[in-house]
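Structural description and commentary
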Amino acid sequence: MALHRSVCLLNSALLLLLLLLAEGTGGARALRLNRWDQKIWMPTDKVEAEEDGEERGTRWAVLVAGSYGYGNYRHQADVCHAYQLLKRGGLKDENIVVFMYDDIATHDFNPRPGVIINHPQGDDVYAGVPKDYTGEDVTAQNLFAVLLGDKSLLKGGSGKVVESKPNDRIFLYYSDHGGQGVLGMPNMPFLYAKDFIDVLKMKHASGSYKEMVLYVEACESGSIFEGLMPDDLNIYVTTASGPDEESWGTYCPGMEPAPPPEYITCLGDLFSVAWLEDSETHNLKKQTIEDQYQRVKVRTSNHNTYSVGSHVMVYGNESIKTELLYLYQGFDPATDKLPQNKFDLDIRMDVINQRDADLLFLWQRYKRSKADSEKKEILKQLTQTMQHRVHLDQSIELIGMLLLGPENGPPLLNAVRPRGLPVVDDWECLKSMVVVFETRCGSLTQYGMKHMRAFANICNNGISLTAMEEACRSACSSHTILDQWSPTIRGYSA
């Protein structure tokens, strides 16, 4: 069986693939949301007293966009939108910590310099967003330090951390690419599930918060918590997808609803815009976390069409779901008189697999470019991107056969563990396997995160690091790693 196709055949199939991607997935009518008055009301850092008279404390928020590049516009747009929602809800900047690479608003491709939108008819969500951790300071290490409130662990950034007290509540929202057991970061390494859960356990052990709510948007985001997240940390988690599901980009060119015609990239992500637009169209003093979960679950499934949607998952302490949303997201006085169900968001959305959104972006650039020299350069980028994808897929397949045999290799690498078990037992083994692979075969990239389960299963099957290194050497010995795929330049994913 041939494992390597010619570049000629690859190029001939490339444009057809991209044309199909550009058409989007599913059908939908345009969604038009009325936007609330953008007035910033006087915030309060204290939540009103409990019904029994107990003071609730301070609301904190940590917002994380884990990607960079204009093709990933939507992640920073999601996070900026979340900031505006929380700000209108009364949270102070001193209690909101923002991680974003900050290369979108002023990017040459941005048709509205200095402006970021998260909806086709949306207002600017970039103005006023704190620049706490940007560029090379957006790292897993800094995120952990911020959550722990430990400034000594920080490297760069504003120095702002979550200095929460025992009666405070924390809201964490993350948007980016993911893989089994990992979340992306614009600066390597990835955020690994075991490390993240360990930080949450340390935060709980410090007694420095009352309750915490996490919303996580990424492919396979359920795998970050599956089999790892205890239910006794006073933390409630909602993820955009199950442990073995993709998440979806939306508001993309060629789709419905479509972004303004001058945009060549997706504006948002399905789960993220679902919860953000839900919060904007409800009085959060009358809505529980469970109310939002039920509505977001339906919209993120694309109304039960799971082939173009995903299963929103819940982990941790589910008793928190009965609490009112405003305890975490604040309360916008402009929503005070809203009926409980004023807005109908029961509309299917056109979407694209998050891992293919970069191809759609490159295709839009190619289609709209005028100069032949520019078209040639963009086509070169497209071809190299597709070639690296094919290389990653075929290398993993060959490594599996070399390690486990031609019959057992594919099914064992793709095996999904039963519910309640983490993707891997030995997380240090997983990281080591990733490093060995990237050394011999090149960077995984945001697309290659889909193969994390294969590395996990190599560890779960007791394969030694020596055997893995030999298999990687054999599989990739004839492959030349280009600079843009070199881990010595991009950084290792583990």
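Reading guide: rules and limits
- Residues numbered from 1 in each chain as written.
- Predicted model: local features only at pLDDT ≥ 70, side-chain atom pairs only at ≥ 80, totals over all residues.
- Heavy atoms only, no water.
- pLDDT = per-residue confidence, 0-100.
- Contact = heavy atoms within 4.5 Å.
- Pairing = 2+ DSSP bridges.
- Helix = DSSP H or I, 4+ residues; strand = E, 2+ residues; numbered from the N terminus.
- Axes fitted to C-alpha atoms, helices over the stretch in contact; angles between N-to-C directions.
- Phe/Tyr/Trp six-rings, centres within 6.5 Å; stacked < 30°, edge-to-face > 60°.
- Buried < 20%, exposed > 50% of the residue type's maximum accessible area, 1.4 Å probe, protein only.
- Lys NZ or Arg CZ within 6 Å of the ring centre and 35° of its normal.
- Core = buried A, V, L, I, M, F, W, Y, C linked by side-chain atoms within 4.5 Å.
- Disulfide = S-S within 2.5 Å.

Another point: the confidence of the model for the protein chain. Residues of the protein chain with pLDDT of at least 70 account for 87%, and the chain-wide mean is 89. For the stretch residues 1-55, pLDDT sits under 50, and the model shows 124 contacts to residues farther than four places along the chain or on other chains.

Pairing is mixed across the open sheet formed by six strands, whose spatial order is β2-β1-β3-β7-β8-β11. Since the sheet does not close on itself, it has two edges, and those belong to β2 (96-99) and β11 (313-316), each with one partner. For this sheet the average axis-to-axis angle between neighbouring strands, irrespective of direction, equals 10 degrees. Alignment of strand β1 (residues 59-65) against strand β3 (residues 169-175), held across seven bridges, turns out to be parallel. In the strand pairing of β3, A61 is matched with F171. Sitting on the sheet, helix α5 (residues 270-280) is in contact with β3, β7 (211-217) and β8 (235-239), with an inclination near 135 degrees to β7.

With that settled, the discussion passes to the packing of aromatic side chains. Both the distance between ring centres and the angle between the ring planes are used here to describe each pair of aromatic rings. Inspection of the entire model under this criterion finds 17 aromatic pairs. Judged by centre distance (5.4 Å) and plane angle (75 degrees), the ring pair of Y70 and Y73 falls under edge-to-face. This pair shows no difference in class: Y70 is buried, exactly as Y73 is. Put simply, the rings of Y70, Y73, F109, Y263 and F361 touch in pairs and so form one group of aromatic residues. Here the guanidinium or amino end of K285 rests over the ring plane of F331, the centre of that ring lying 4.6 Å away. The residue whose ring lies beneath K375 is Y366, and the NZ or CZ to ring-centre distance is 4.3 Å.

Spatial strand order, β10-β9-β12: three strands in an open sheet with antiparallel pairing. Two strands bound the open sheet, and with one partner strand each, they are β10 (268-269) and β12 (351-353). One ladder, built from two bridges, connects strand β9 (residues 248-250) with β10; its direction is antiparallel. Each bridged residue has a counterpart across the sheet, and for T250 the counterpart in β10 is G268.

A separate point is the nonpolar core. In terms of nonpolar packing, the biggest core is built from 77 residues, with F225, I399, F437, F455 and M468 touching the most fellow members. The element that contributes the greatest number of residues to this core is helix α11 (residues 427-441), accounting for eight residues. Membership of the second largest hydrophobic core comes to 61 residues, among which are V79, A105, Y263 and V308.

Attention shifts here to the state of the cysteines. Following the criterion strictly, the structure yields three disulfides and no others. With its sulfur 2.1 Å from that of its partner, C252 forms a disulfide with C266. Across the S-S bond of C252 and C266 the torsion is about 110 degrees, and the bridge reads as right-handed. Residue C252 is located in the loop between β9 and β10, and its partner C266 is located in the loop between β9 and β10; the two are separated by 14 residues in the primary sequence. Of the two residues, C252 and C266, both sit in the buried class.

Bringing the environment of W60 into the picture now. Its location among the elements puts W60 in strand β1. Separated by 103 residues in the primary sequence, W60 and E163 place their C-alpha atoms 8.8 Å from one another. Once residues lying within four places of it in the same chain are set aside, the contact partners of W60 are L91, E94, N95, V161, V162, E163, S164, D168, R169, I170 and F171.

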